[in-house]
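What follows is each chain in one-letter form.
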Amino acid sequence: MNAIADMPSSMSPASAATQGSPQAAPLIEVRDLRKRFGELEVLRGVDLDIARSEVVCIIGPSGSGKSTLLRCLAALETYDQGDVRIEGELLGYTERNGRRVRASQGEINRVRRNVGMVFQQFNLWPHMTALGNVMEALLRVQRLSHDEARRRANAMLETVGLAHKGDAYPAKLSGGQQQRVAIARALAMEPHIMLFDEPTSALDPELVGEVLQVMKQLARDGMTMAVVTHEMGFAAQVADKVVFIDQGCIAVQGKPREVFHDAAQPRLRQFLQNYFDRNAFWTRGPDDTQAL
Ligand code: ADP
Ligand code: MG
């Protein structure tokens with residue numbers, strides 16, 4: 001049973017009905033996306049499709065524009081040129097008399113309502129319990145009744161394996177548990193796509209696995225996901241597509257095997273080599289063979 005993937009369409013039939021053939025089109029379409037901060041051109045013509053139920057892992061050096069790309073997809077950042085379409089609808093702008101004008105905040109919120117995001121820093125409210133954190137947007141944004149919000153929040157905490165921690169405050173939770181609450185909070189809004197920006201980078205190494213496990217389960221349940229990550233093992237196992245961003249452009253994209261093993265692109269090879277060098281904690285040199 002594909003519980004999470006089924007949830008949005010069954011819960012919001014109106015949005016499906018208003019689009020031509022929503023199942024066939026990519027959930028997210030990015031065309032020639034450009035973004036600059038002053039003199040610095042951070043995204044320099046990004047083209048990316050994310051299909052329904054696809055898991056896209058985004059890798060690349062620090063400063064290459066990965067976070068900016070995700071933030072543009074969630075309308076947390078404006079973009080200067082190109083298109084970001086979510087389920088066929090242009091995000092951030094509307095066409096008026098043949099000219100593109102900035103959309104109203106209400107319109108932006110409507111187009112991005114099905115995009116959930118999880119950040120490196122979990123950003124939980126410290127004065128609210130885990131359950132309260134998950135309920136908050138359900139009460140204030142979705143205006144659910146208290147009972148309904150509590151019911152859904154509890155179900156989401158169960159999804160991330162934290163049904164027993166509903167009454168705990170963030171300070172009493174490990175980093176891994178806090179991040180799982182943050183995932184539950186995003187899931188509670190019933191997104192059609194989840195964006196993750198280095199969700200395990202702030203965690204102690206022994207806590208990374210529990211968060212990746214939750215993300216793997218989401219992927220198995222059919223959630224559409226874009227994940228910026230340095231967890232190459234996760235990307236290799238879970239991604240349908242791996243995207244390597246370098247200096248604001250997608251330099252390589254393909255299936256994990258194509259990107260991790262077969263790609264000859266020099267910057268990617270160098271990036272992966274650095275990664276492997278950093279993570280190789282046991283190397284058998286020629287002199288070691290006797291000892292082993
Ligand atoms: P990544 O996530 O790949 O490390 P970012 O998208 O965060 O990269 O940043 C890309 C570049 O844009 C970096 O040089 C960064 O310093 C710059 N940048 C990001 N956000 C801002 C901002 N709000 N103002 C100015 N420069 C920014
Ligand atoms: Mg980043």
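See the structure shown above.
## A word on the overall build of the protein chain
- A count of helices and strands for the protein chain gives 12 helices and 12 strands.
- Looking at the 292 residues of the protein chain, the share that counts as buried comes to 49%.
- For the protein chain, the accessible surface area stands at approximately 14,700 Å², while carbon and sulfur atoms represent 49% of it.

## Remarks on unusual backbone geometry
- Even without a glycine there, the phi angle at Ala-75 is positive, about 60 degrees.
- Residues other than glycine seldom take positive phi values, yet Glu-190 does so here, at roughly 55 degrees.
- Looking at the secondary structure, you find Glu-190 in the loop between helix H7 (175-188) and strand S9 (193-197).
- For Glu-190, a relative accessible area of 10% gives the class buried.

## As for the sheet that holds strand S2 (residues 40-50)
- Across the sheet, which stays open at both edges, the 4 strands sit in the order S2-S1-S4-S5 with antiparallel pairing between neighbours. Both edges of this open sheet fall to S2 and strand S5 (89-90), since each of them pairs with a single strand only.
- Bridge count between strand S1 (residues 28-37) and S2: 8 bridges; the pairing is antiparallel. Paired with Phe-37 across the bridge in S2 is Leu-40.

## Quick notes on empty space enclosed by the protein
- A full pass over the atoms with the stated rule returns 1 cavity of 30 Å³ or more.
- Of the pockets and cavities examined, the largest cavity occupies roughly 40 Å³.
- Lining the largest cavity are Ala-75, Glu-77, Thr-78, Tyr-79, Leu-91, Gly-92, Arg-102 and Ile-108.
- A class-by-class count of the residues in the lining of the largest cavity yields 4 nonpolar, 2 polar and 2 charged.

## Digging into the side chain of Asp-246
- Inspection of the secondary structure assignment puts Asp-246 in strand S11 (residues 241-246).
- On the basis of relative accessible area, Asp-246 is assigned to the buried category, the value being 9%.
- Reaching out from Asp-246, the side chain makes a polar contact with the side chain of Arg-267 at a distance of 2.8 Å.
- Dropping the residues within four chain positions of it, Asp-246 is found in contact with Pro-61, Ser-64, Ala-251 and Arg-267.

## What about the pattern of salt bridges?
- Taken as a whole, this structure holds 18 salt bridges when the rule is applied.
- Ionic pairing is found between Glu-89 and Arg-110, a salt bridge with its closest N-O pair at 2.8 Å. Placement of Glu-89 in strand S5 and of Arg-110 in helix H4 (residues 105-111) is noted, with a sequence separation of 21 residues between them.
- According to the relative accessible area criterion, Glu-89 is partly exposed, its value standing at 24%.
- Between Arg-180 and Glu-210 there is a salt bridge, with its nearest N and O atoms 2.6 Å apart. Taken together, the residues span a long stretch of sequence, with Arg-180 in helix H7 and Glu-210 in helix H8 (residues 205-220) at a distance of 30 residues.
- Connected through shared salt-bridge partners, Asp-83, Arg-85, Glu-95 and Arg-100 make up one network.

## Considering the nonpolar core
- Core analysis: the biggest nonpolar cluster contains 56 residues, and Ile-59, Ile-183, Met-194, Phe-196, Met-215 and Met-225 have the highest contact counts within it.
- The greatest single-element share of this core, amounting to 8 residues, is contributed by H8.
- Not counting residues within four places of it along the chain, the set of residues in contact with Met-225 comprises Glu-54, Val-55, Val-56, Ile-193, Met-194, Phe-196, Met-215, Leu-218 and Ala-219.
- Listed in part, the 32 residues of the second largest apolar core include Leu-27, Val-46, Leu-91 and Ile-108.

## Structural notes on the sheet that holds strand S10 (residues 224-228)
- One open sheet accounts for 6 strands, arranged S8-S9-S10-S3-S11-S12; its pairing is mixed. If you trace the sheet from one side to the other, it starts and ends with strand S8 (115-118) and strand S12 (249-254), each paired once. Averaged over all neighbouring strand pairs, the angle between strand axes comes to 20 degrees, with direction disregarded.
- The pairing of strand S3 (residues 55-59) with S10 spans 4 bridges and is classified as parallel. Looking across to S10, one finds that Cys-57 is bridged to Val-227.
- Contacts from H7 reach S8 and S9 within the one sheet, and its direction differs from that of S8 by about 170 degrees.
- Contacts from helix H11 (residues 266-279) reach S3, S11 and S12, with the element oriented near 100 degrees to S11.

Rules of the game
Residues numbered from 1 in each chain as written. Chains lettered and ligands numbered in written order. Predicted model: local features only at pLDDT ≥ 70, side-chain atom pairs only at ≥ 80, totals over all residues. Heavy atoms only, no water. Helix = DSSP H or I, 4+ residues; strand = E, 2+ residues; numbered from the N terminus. Buried < 20%, exposed > 50% of the residue type's maximum accessible area, 1.4 Å probe, protein only. Areas by Shrake-Rupley, 256 points an atom, 1.4 Å probe, with all protein chains shown as cover. Pairing = 2+ DSSP bridges. 1 Å grid on protein atoms, 1.4 Å probe; cavity = no way out; pocket = protein on both sides within 12 Å on 5 of 7 lines; lining within 4 Å. Points joined across faces, edges and corners; volume = space filled by probe spheres on them. Nonpolar A, V, L, I, M, F, W, Y, C, P; charged D, E, K, R; others polar. Polar contact = N/O pair within 3.5 Å; in protein donor to acceptor, adjacent residues only side chain to side chain. Contact = heavy atoms within 4.5 Å. Salt bridge = Lys/Arg side-chain N within 4 Å of Asp/Glu carboxyl O. Core = buried A, V, L, I, M, F, W, Y, C linked by side-chain atoms within 4.5 Å. Axes fitted to C-alpha atoms, helices over the stretch in contact; angles between N-to-C directions.

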